[in-house]
Amino acid sequence: SQKIEQNSEALNIQEGKTATLTCNYTNYSPAYLQWYRQDPGRGPVFLLLIRENEKEKRKERLKVTFDTTLKQSLFHITASQPADSATYLCAPSPRAGNNRKLIWGLGTSLAVNP
Amino acid sequence: DVKVTQSSRYLVKRTGEKVFLECVQDMDHENMFWYRQDPGLGLRLIYFSYDVKMKEKGDIPEGYSVSREKKERFSLILESASTNQTSMYLCASTPSGRNEQFFGPGTRLTVL
């Protein structure tokens, strides 16, 4: 079955450093992959989408890579700030069927320490 | 900005009660979704709708039904609430031709 894995352990980094979060998927080939941010008790907020034919996508301090050979996406936050502390969710799309039915990772909790 | 609103932030119900959770979006999106989110299980799709009066089962539809009589409103119904339906319920919408989902603030439902 299709499976998504994100770093299960919380990531703690120092302010100003680059945070790197990993999303690995198995048993399928997504057409695209999305990253969301979720704060405690709130709904997820869309950050970035990267398609299978794109190697890298950037938005301000955020960068996403998509390696279809490794079946992995990396999410980077450069010059991290305490306000970046949140849980980050990876959501690849299935290729077959309705590709709006995303498959969600459990998320990685990021804490940026001042 | 897209706005997705949900009828309640917190809700407490008794076992066996019929529960209605409502979601409204103001951007004319065709697709709407209901998820529940539980620790260690992540976001799981209950139902989604791609048009008025159209619905499709997600991964965990048992014990739930939905209604979409108007484009902007998507309701989730728990016909007879049970304690294992205690959860955070999240509604989302997506316009046709786009893939990013816009989420509401969530409803934390407790069934006693």
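For the structure, see preceding data.
Rules of the game
Residues numbered from 1 in each chain as written. Chains lettered and ligands numbered in written order. Predicted model: local features only at pLDDT ≥ 70, side-chain atom pairs only at ≥ 80, totals over all residues. Heavy atoms only, no water. Helix = DSSP H or I, 4+ residues; strand = E, 2+ residues; numbered from the N terminus. Buried < 20%, exposed > 50% of the residue type's maximum accessible area, 1.4 Å probe, protein only. Contact = heavy atoms within 4.5 Å. Areas by Shrake-Rupley, 256 points an atom, 1.4 Å probe, with all protein chains shown as cover. Lys, Arg positive; Asp, Glu negative; His and termini not counted. Charge placed at Lys NZ, Arg CZ, Asp CG, Glu CD. Buried area = accessible area lost by both parts, 1.4 Å probe. Salt bridge = Lys/Arg side-chain N within 4 Å of Asp/Glu carboxyl O. Polar contact = N/O pair within 3.5 Å; in protein donor to acceptor, adjacent residues only side chain to side chain. Pairing = 2+ DSSP bridges. Axes fitted to C-alpha atoms, helices over the stretch in contact; angles between N-to-C directions. Phe/Tyr/Trp six-rings, centres within 6.5 Å; stacked < 30°, edge-to-face > 60°. Lys NZ or Arg CZ within 6 Å of the ring centre and 35° of its normal. Core = buried A, V, L, I, M, F, W, Y, C linked by side-chain atoms within 4.5 Å.

On a plain count of helices and strands, chain A comes out with zero helices and ten strands. Listing every helix and strand of chain A by position from the N terminus yields β-β-β-β-β-β-β-β-β-β. Taken across its 114 residues, chain A has 45% of its residues classed as buried. Contacts spanning at least 24 positions in sequence make up 55% of the contacts within chain A whose residues lie at least 6 apart. Only carbon and sulfur atoms are counted for the fraction: they give 47% of the accessible area of chain A, which is about 5700 Å². Computed over 15 positive and 10 negative side-chain charges, the separation of the two mean positions in chain A equals 6 Å.

This brings us to the interface of chain A and chain B. The interface is formed by 19 residues belonging to chain A together with 21 residues belonging to chain B. Together chain A and chain B conceal approximately 1600 Å² of surface at their shared face, both sides included; 53% is due to carbon and sulfur atoms. Joining chain A to chain B, the criterion identifies zero salt bridges. Run the count over chain A and chain B and you get six residue pairs in polar contact (both at pLDDT 80 or more). Elements that contribute at least two residues to the side of chain A that touches chain B include exactly β4 (32-38) and β5 (45-51) of chain A. Element by element, the count of residues in the side of chain A that touches chain B is highest for β4(A), at four residues.

Let us look at unusual backbone geometry. Most peptide bonds adopt trans geometry, and most residues besides glycine take a negative phi value. If you check the backbone angles, A:Ala79 has positive phi at about 45° while not being a glycine. Mapped onto the fold, A:Ala79 is located in the loop between β8 (72-77) and β9 (86-92). Using a relative accessible area of 40% as the deciding quantity, one classes A:Ala79 as partly exposed. The backbone of B:Asp28 sits at a positive phi, close to 60°, despite the residue not being glycine.

Counting through the fold element by element, B:Glu100 comes out in the loop between β9 (87-94) and β10 (102-103). By relative accessible area, B:Glu100 is classed as buried at 8%. Every residue in contact with B:Glu100, bar those within four places of it in the chain, is listed here: A:Gln34, A:Tyr36, A:Phe46, B:Ser93, B:Thr94 and B:Pro95.

The next thing to look at is the sheet that holds strand β7 (residues 64-70) of chain B. Residue and element names in this part refer to chain B. Ordered in space as β1-β3-β8-β7, the four strands form an open sheet in which the pairing is antiparallel. Whereas interior strands pair on both sides, the edge strands pair on one side only; in this sheet they are β1 (4-6) and β7. When the angles between neighbouring strand axes are averaged without regard to direction, this sheet yields 20°. Sheet topology note: the β1/strand β3 (residues 19-25) ladder contains three bridges and is antiparallel. Bridged to Val4 within β3 is Gln25.

This paragraph deals with the packing of aromatic side chains. Per the counting criterion, the structure on display carries 13 aromatic pairs over all chains. Measuring from centroid to centroid gives 5.6 Å for A:Tyr36 and A:Phe46, while their planes differ by 70°, and the two rings are edge-to-face. Within this pair, whereas A:Tyr36 is found in strand β4, its partner A:Phe46 is found in strand β5, the two being separated by ten residues in sequence. Note on A:Phe46: relative accessible area 23%, which makes it partly exposed. By way of ring pairs, the aromatic residues A:Tyr36, A:Phe46, A:Trp104, B:Phe33, B:Tyr35, B:Phe48, B:Tyr50 and B:Phe103 are connected into one cluster. The ring of A:Tyr32 carries the charged tip of A:Arg51 above its face, separated from the ring centre by 5.8 Å.

Time to look at the nonpolar core. Counting residues in each nonpolar core, the largest one holds 23 residues, and the members touching the most others are A:Ile4, A:Leu33, A:Trp35, A:Phe75, A:Ile77, A:Tyr88 and A:Leu110. Going through the elements one at a time, β3 (19-26), β4, β5, β7 (62-67), β8, β9 and β10 (108-113) of chain A are the ones with two or more residues in this core. Examining the composition of this core, we find that four residues originate from one element, β3(A), more than from any other. Apart from residues lying up to four places away in sequence, A:Phe75 is in contact with A:Ala19, A:Thr20, A:Leu21, A:Trp35, A:Leu47, A:Leu62, A:Lys63, A:Val64 and A:Tyr88. Of all hydrophobic cores here, the second largest spans 20 residues; its members include B:Val19, B:Cys23, B:Trp34 and B:Tyr47.

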